[in-house]
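The lines below spell out each chain.
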Amino acid sequence: MAARGGKKIVIVKKKVMGGGGHHGGSWKVAYADFVTAMMAFFMVMWILGMDDKTKQAIEGYFANPVGYKKGYGAGSSPLGTGSAVNALQRSPMRMIVRSTEQRTFEQMRQAILDKLATSDSLKRLNAQVDVQVTQEGLRIELVESDRGDVYFPIGSSRMNTATVLTLQLIGQELAPIAQSLIIEGHTDSAPFGRDASYTNWELSADRANAARRVLQAAGIEPKRISEVRGYADTKPRVLNDPKAPANRRISVLIPFTVVPESAANAAELASGKRDSIVNSITEPLKKTY
């Protein structure tokens, strides 16, 4: 640009910065972190002020969120009822008991499978044992192979060696606990004969009772066996083949505890139960929050 009056004109351009200058927007992040920390602090203080029953319900939620939410499918969760959180329904106790037993059954299942895997005798005898945690509870099934006579001779309740060894091993694993047991006998649909007085009903019941005697000899107290069931061929394992050898089996069921509506807490529930799993619930829940 041309000079005026003999003096050179200097033009200085300044950039105007947006935001908060050299501070920028970092203060917003710090403020958000502060608010989050304060909210967490007040949540902790709120939980500390709750009674033991409410703490148990919250623990049950975090131990099994899916099952807990299903328990409140027809209503609202007490965790979201504001000041009414202490007015708990009795449903959370069912969730707490179920989640505790679920974990225990999983541990028992693995212990039984490990024990079976180390038995060379059962391997040589080709004994098949299915151990599963089902909706009913821990189910242990002695399932016949394709040969069909590993555990029992066909049409007989006389035990083979594989049956005795397997039940003795299972009985030793179940003996230390106090849970009740249900023993079931199942057959295939092959009939004995048109005029036979001995049918699959008698056969399934006799096999279940034979299993009961071996389990008792292995250390299971008689009073722990709550039921001995003979189902004949009414509950096949292979649905599309009623005569399949796998339908011939012995089942040992440790059922989940049925929590009554009147059970307000674990101590009250355990007072009327012999089950060692339920009795152990009262102690683990007494935590320091």
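In the block above lies the structure referred to throughout.
Since the model is a prediction, treat every value here as computed from it, not as a measurement.

Conventions we followed
- Residues numbered from 1 in each chain as written.
- Predicted model: local features only at pLDDT ≥ 70, side-chain atom pairs only at ≥ 80, totals over all residues.
- Heavy atoms only, no water.
- Helix = DSSP H or I, 4+ residues; strand = E, 2+ residues; numbered from the N terminus.
- Buried < 20%, exposed > 50% of the residue type's maximum accessible area, 1.4 Å probe, protein only.
- Contact = heavy atoms within 4.5 Å.
- Areas by Shrake-Rupley, 256 points an atom, 1.4 Å probe, with all protein chains shown as cover.
- Pairing = 2+ DSSP bridges.
- Right-handed = clockwise from strand over helix to strand, strands pointing away.
- Salt bridge = Lys/Arg side-chain N within 4 Å of Asp/Glu carboxyl O.
- Axes fitted to C-alpha atoms, helices over the stretch in contact; angles between N-to-C directions.
- 1 Å grid on protein atoms, 1.4 Å probe; cavity = no way out; pocket = protein on both sides within 12 Å on 5 of 7 lines; lining within 4 Å.
- Points joined across faces, edges and corners; volume = space filled by probe spheres on them.
- Nonpolar A, V, L, I, M, F, W, Y, C, P; charged D, E, K, R; others polar.

Chemist: Lay out the overall build of the protein chain in plain terms, naming residues and giving numbers.
Modeler: Within the protein chain, the regular secondary structure consists of nine helices and five strands. Ordered by position in the sequence, the α and β elements of the protein chain form the string α-α-α-α-α-β-β-α-β-α-β-β-α-α. When each of the 289 residues of the protein chain is scored for burial, the buried share is 37%. The contacts of the protein chain with a sequence gap of at least 6 include a subset with a gap of at least 24, amounting to 70%. Summed over its atoms, the accessible surface of the protein chain is roughly 17,100 Å², and 55% of this surface lies on carbon and sulfur atoms.

Chemist: Describe the pairing of strand β4 (residues 225-230), with residues and values.
Modeler: Sheet topology places strand β3 (residues 181-186) next to β4; five bridges connect them, and they run parallel. Residue pairing for β4: L181 is matched across the bridge by I225. Handedness of the β-α-β unit built from β3, helix α7 (residues 200-217) and β4 comes out right-handed.

Chemist: Any chance you could break down the pattern of salt bridges for me, citing the residues and the numbers?
Modeler: Tallying each qualifying case throughout the model produces 11 salt bridges. Note that E136 and R139 form a salt bridge whose closest N and O atoms lie 2.9 Å from each other. Its relative accessible area of 12% is what places R139 among the buried residues. In this structure, R229 and E184 form a salt bridge, with 3.1 Å as the shortest nitrogen-oxygen distance. A residue pair is termed long-range when its members are at least 10 positions apart, and R229 in strand β4 and E184 in strand β3 qualify at 45 residues. Here the salt bridges share partners, and the residues they tie into one network are D130, E136, R139, E141, E184, E227, R229, R237 and R249.

Chemist: Please set out the sheet that holds strand β1 (residues 128-133) residue by residue, giving values where relevant.
Modeler: Taking strand neighbours across the sheet as the criterion, the five strands line up as β1-β2-β5-β3-β4 in an open arrangement whose pairing is mixed. Every other strand in the sheet has two partners, leaving β1 and β4 as the edge strands with one partner each. Each strand of the sheet is rotated relative to its neighbour by a mean of 15 degrees, with strand direction disregarded. On the sheet, helix α6 (residues 161-174) packs against β1, β2 (137-143), β3 and β5 (249-255) and is oriented at approximately 165 degrees with respect to β2. Packed onto the sheet, α7 meets β3, β4 and β5 and runs at close to 150 degrees relative to β4.

Chemist: Quick rundown of the pairing of β1? Include the residues and the values.
Modeler: Every second residue of β1 is oriented toward a common face, the buried set being V129, V131 and V133 and the non-buried set Q128, D130 and Q132. Pairing of β1 with β2 involves six bridges; the strand directions are antiparallel. Residue pairing in the sheet places Q128 in a bridge with V143 of β2. Here β1 hands over to β2 after three residues, the two strands then running antiparallel side by side.

Chemist: I'd like a description of unusual backbone geometry, backed by residues and values.
Modeler: You will see that N126, though not glycine, has its phi angle at about 60 degrees, which is positive. Mapped onto the secondary structure, N126 falls in the loop between α5 (120-124) and β1. The backbone phi angle of A232 is positive, close to 55 degrees, even though this residue is not glycine. When you line up the elements, A232 lands in the loop between β4 and β5. By relative accessible area, which is 1% here, A232 ends up buried.

Chemist: So what's going on with the environment of I140? Which residues, and what values?
Modeler: Examined against the element boundaries, I140 turns out to sit in strand β2. The buried category is assigned to I140, whose relative accessible area is 0%. Note: C-alpha distance between I140 and I170 (30 residues apart in sequence) is 8.7 Å. Beyond its immediate sequence surroundings of up to four residues, I140 is in contact with I112, V129, D130, V131, I170, L174, I250, S251 and V252.

Chemist: Tell me what's going on with the environment of L203, and back it up with residues and numbers.
Modeler: Along the chain, L203 falls in helix α7. In this structure the C-alpha to C-alpha distance between L203 and G185, which are 18 residues apart in sequence, comes to 8.1 Å. Excluding its chain neighbours within four sequence positions, the residues that come into contact with L203 are G155, S156, S157, T187, F192 and Y198.

Chemist: If you had to explain empty space enclosed by the protein to someone new, which residues and values would you point to?
Modeler: Per the counting criterion, the structure on display carries one cavity of 30 Å³ or more. Here the largest cavity defines a volume of roughly 40 Å³. If you trace the largest cavity, you find it lined by L142, E144, Y151, F152, H186, R207, R248, R249 and I250. Among the residues making up the lining of the largest cavity, the classes are represented as four nonpolar, one polar and four charged.

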